[in-house]
Amino acid sequence: MSYSVQIHAFRELLDQTGVVDDPERIATYTTDQRQLFTGSTFAVLKPATTKQVADIVKLAARLSIGVVPQGGNTSYCGGATPDASGRQIIVSLERMDRIREIDPLSMSISVDAGAILKNVQDAAADAGLLLPLSLGAEGSCRIGGNIGTNAGGLSVVKYGMTRDLLLGIEAVLADGTIVSDMRKLRKNNTGYDVKQCFVGSEGTLGIVTGAVLRLAPLPTRRTTAWLKLAAGAPLAELLALVRRESADLLTTFEFMTARSIALATDAMTNPPSVGAGPGGAVLVELASSSNHLDLDGLIEGVLSEAVESGWIEDAFLAQSGAQRAAMWEARETIPEGEKRCNGSVKHDISVPLSAIQRFLDAAGSQVRAYGTNLELSVYGHVGDGNLHYNVLVPSNADRIEFTREIEGGLSLQLYDTAASLGGTFSAEHGVGRFKKHLLERYGDAGRIAAMRRIKAAFDPANILNAGAVVRPFEPDDVD
Ligand code: FAD
Ligand code: 2HG
Ligand code: ZN
């Protein structure tokens, strides 16, 4: 069947705006966020209802066309990008962006999966509540994509990953079945927790069309501090001190090296006058919804202990909302700063907190041994044991070639080190198409076999995002 006949068939299911087949408009959906790979498709479908998503999936299965769900296309591992075959269609959830309901007493929000994260945060804040998922891409990423990647971000240390915020789900399976479980319950022990199957599955097990998310009281007080670290400051011990002495009111603990901060501040119009000590810097935030807690008193106590221990050289407390925002912007602009300087080869590793210093020491030696002129941008959510250990692409290098070279050599050494310390090659960015070989290399064989069986059970014809994450289980597989 020709593409035009297929497009006609999809048009019958959707209205005029629901099918995009103009190559110029399609092009904005077929390249991944990091511009490492461009796939191919003959159409982007934009359903407006869950039923339309189900109809699309059923028709795609009948026509043997693959389906790649897409949210904001901000993910880093190529999971939202179709392959080069031209036989996969993109289903963008962008028209399904409603806030369905806020229930302040149940502290939950029900949304369409295409809702932009920032809009959901704002809707929760309007009701005096907090959606505690915060990441640099929050103005463009969508809830379905956050669920697909199990997004982490800047407040995981307190509130957990997307997985921990998910109360209910609505999703379309590969045969068009609609899973409708939009309940707001904290407790519901009635068999398998099916909704969790979709979390981190990167569009390979179903298309999420709705979600119920857990909210928290909106903080009314915050204390934000920028710590300049002394040489050799022990990050895990400093984190433990801050958590203990702040009565665990810590919501953010972000580590940054001097190079990463400079990349960000160079890219800002009004950069704050913050910098790093010899051991780097940490952005710390305590937050509370109570007006009875003296957060400034707590942070001052924490900081004086840290100074006494010789771990920090200097610290600045944000004195205004504007100062706080500038500190946050300096952290959140690091990826953009890297991009403006020809990009970086990204290593989204995590290790147990007790091993973070060992990782930094070993990885530093590996980088030095690999090439004396390599430059690093190292930062991340150290509160969660997660580092972005990025190698900067030299300004005179071809970005793609350099990325391939590093990924085939140094990256594997760094991941080996993380793995040997009980860590992982992907803390929060997923597997997608780019890290499948790493899952094969580092994944436990039994776990991979289980993943393949789950994929085969949910999607026996391999319709949903084929080529991402894991290949399906086949009966003669020996694993
Ligand atoms: P997409 O990129 O569109 O899709 C991601 C995956 O989910 C794909 O496999 C796709 O097929 C699948 N998917 C999308 N929608 C659905 C759906 N409705 N149902 C089923 N599957 C679906 N990530 C973090 O974890 N922490 C960070 O701090 C962070 N910071 C970032 C900062 C910047 C500047 C950028 C550019 C990215 C950052 N990211 C971060 C990565 C990215 O924003 C997240 O992975 C985000 O969750 C992706 O959401 P999205 O809507 O863009 O998903
Ligand atoms: C962040 O923490 C994101 O800012 C992006 O996860 C990390 O670009 C990166 O390497
Ligand atoms: Zn991150």
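Before going into details, it helps to say that this report is about the structure given with it. From a predicted model like this one, the values you see are computed outputs, not experimental measurements. (Residues numbered from 1 in each chain as written. Chains lettered and ligands numbered in written order. Predicted model: local features only at pLDDT ≥ 70, side-chain atom pairs only at ≥ 80, totals over all residues. Heavy atoms only, no water.)

Examining the sheet that holds strand S5 (residues 99-103)
Two orientations exist for strands paired in a sheet by backbone hydrogen bonds: parallel and antiparallel.
Inference 1: Taken together, the 5 strands give an open sheet; going across it, the order is S5-S6-S10-S8-S9, and neighbouring strands pair in antiparallel fashion. Every interior strand has two partners, whereas the edge strands, S5 and strand S9 (178-181), have only one. Put simply, the sheet's adjacent strands are angled 15° from each other on average, direction ignored.
Inference 2: In this sheet, strand S10 (residues 207-214) lies alongside strand S8 (residues 166-172) in antiparallel orientation, the contact comprising 6 bridges. Across the sheet, residue Leu166 finds its bridge partner in S10, namely Leu213. (Pairing = 2+ DSSP bridges. Helix = DSSP H or I, 4+ residues; strand = E, 2+ residues; numbered from the N terminus. Axes fitted to C-alpha atoms, helices over the stretch in contact; angles between N-to-C directions.)

Observations concerning the packing of aromatic side chains
Inference 1: Evaluation of the coordinates by the stated rule reveals 6 aromatic pairs.
Inference 2: Residues Phe198 and Phe458 carry aromatic rings whose centres are separated by 6.0 Å and whose planes lie at 90° to one another, so their mutual orientation is edge-to-face. Of the two residues, Phe198 sits in helix H8 (residues 194-198) while Phe458 sits in helix H18 (residues 445-458), which places them 260 residues apart along the sequence.
Inference 3: Given a relative accessible area of 1%, Phe198 falls into the buried group.
Inference 4: Taking 6.4 Å as the distance between ring centres and 75° as the angle between the ring planes, the aromatic pair formed by Tyr415 and Tyr442 counts as edge-to-face. One end of the pair, Tyr415, is in helix H16 (residues 410-420); the other, Tyr442, is in helix H17 (residues 436-442), with 27 residues separating them in the sequence. (Phe/Tyr/Trp six-rings, centres within 6.5 Å; stacked < 30°, edge-to-face > 60°. Buried < 20%, exposed > 50% of the residue type's maximum accessible area, 1.4 Å probe, protein only.)

Focus on the site of ligand 2
Inference 1: Every residue lining ligand 2 is accounted for by Tyr76, Arg331, Pro335, Lys346, Tyr379, His381, His388, Asn390, Glu428 and His429.
Inference 2: Within the side chain of His381, an N or O atom sits 3.0 Å from an oxygen atom of ligand 2.
Inference 3: One of the side-chain nitrogen or oxygen atoms of His388 is found 3.0 Å away from an oxygen atom of ligand 2.
Inference 4: Look at ligand 2: alone it shows 300 Å² of surface, and the protein chains cover 88% of it.
Inference 5: Looking at the shell around ligand 2 residue by residue, the class counts come to 3 nonpolar, 4 polar and 3 charged. (Near = heavy atom within 4 Å. Polar contact = N/O pair within 3.5 Å; in protein donor to acceptor, adjacent residues only side chain to side chain. Areas by Shrake-Rupley, 256 points an atom, 1.4 Å probe, with all protein chains shown as cover. Nonpolar A, V, L, I, M, F, W, Y, C, P; charged D, E, K, R; others polar.)

A look at the site of ligand 1
Inference 1: Ligand 1 sits among 34 residues. The nearest are Pro69, Gly71, Gly72, Thr74 and Ser75.
Inference 2: With respect to ligand 1, the backbone of Val208 contributes an N or O atom lying 2.8 Å from a nitrogen atom.
Inference 3: Here Asn465 contributes a side-chain N or O atom positioned 3.4 Å from an oxygen atom of ligand 1.
Inference 4: Compared with its free state, where it exposes 970 Å², ligand 1 has 95% of that area covered by protein.
Inference 5: By residue class, the composition of the shell around ligand 1 is 10 nonpolar, 21 polar and 3 charged.

Examining the pairing of strand S3 (residues 66-70)
Inference 1: Taking burial as the measure, the 5 residues of S3 include 5 buried ones, the bulk of the element.
Inference 2: A two-sided burial pattern is seen for S3, the buried positions comprising Gly66, Val68 and Gln70 on one face and Val67 and Pro69 on the other.
Inference 3: Inspection of the sheet shows S3 paired to strand S4 (residues 88-92) by 5 bridges, in the parallel sense. Paired with Val68 across the two strands is Ile90, which belongs to S4.

What to know about the coordination of the zinc ion (ligand 3)
Inference 1: Coordination of the zinc ion (ligand 3) by the protein is provided by His381 (NE2), His388 (NE2) and Glu428 (OE), with metal-donor distances spanning 1.9 to 2.1 Å.
Inference 2: Written as a sequence motif, the donor residues of the zinc ion (ligand 3) are H-x6-H-x39-E. Taken together, the positions of His381 in the loop between strand S18 (376-380) and strand S19 (386-392) and Glu428 in the loop between H16 and H17 put the pair 47 residues apart, joining distant regions of the chain.
Inference 3: A relative accessible area of 11% places Glu428 in the buried class. (Donors = N, O, S within 2.8 Å, 3.2 Å for Na, K, Ca; no water.)

As for unusual backbone geometry
Inference 1: One non-glycine residue, Met107, adopts positive backbone phi at about 55°.
Inference 2: By the element assignment, Met107 lies in the loop between S5 and strand S6 (108-112).
Inference 3: What makes Met107 partly exposed here is its relative accessible area of 25%.
Inference 4: Positioned with a positive phi, Asn342 is a non-glycine residue whose angle comes to about 75°.
Inference 5: Turning to its location among the elements, Asn342 is positioned in the loop between helix H13 (334-340) and strand S16 (344-345).
Inference 6: Since its relative accessible area comes to 23%, Asn342 is described here as partly exposed.

Side note on the pattern of salt bridges
Inference 1: Tallied over the full model, the rule gives 24 salt bridges.
Inference 2: One salt bridge connects Arg100 with Glu170, and the closest N-O pair in it is separated by 3.0 Å. Residue Arg100 is located in strand S5, and its partner Glu170 is located in strand S8; the two are separated by 70 residues in the primary sequence.
Inference 3: The class of Arg100 is partly exposed, set by a relative accessible area of 29%.
Inference 4: For Glu170, a relative accessible area of 10% puts it in the buried group.
Inference 5: Residues joined by salt bridges that share partners form a network here, namely Arg98, Arg100, Asp112 and Glu170. (Salt bridge = Lys/Arg side-chain N within 4 Å of Asp/Glu carboxyl O.)

Re the packing of helix H15 (residues 399-408) against H16
Inference 1: Remark: H15 packs on H16, axes separated minimally by 3 Å, with the N-to-C direction vectors making an angle of 40°. Overall, the two elements H15 and H16 adopt an arrangement that is oblique. Residues Ile406, Glu407 and Gly408 of H15 form the contact with H16, whose own contacting residues are Leu410, Ser411 and Leu412.
Inference 2: For the contact of H15 with H16, the class distribution of residues is 3 nonpolar, 2 polar and 1 charged. (Parallel < 35°, antiparallel > 145°, perpendicular 65-115°, else oblique. Contact = heavy atoms within 4.5 Å.)

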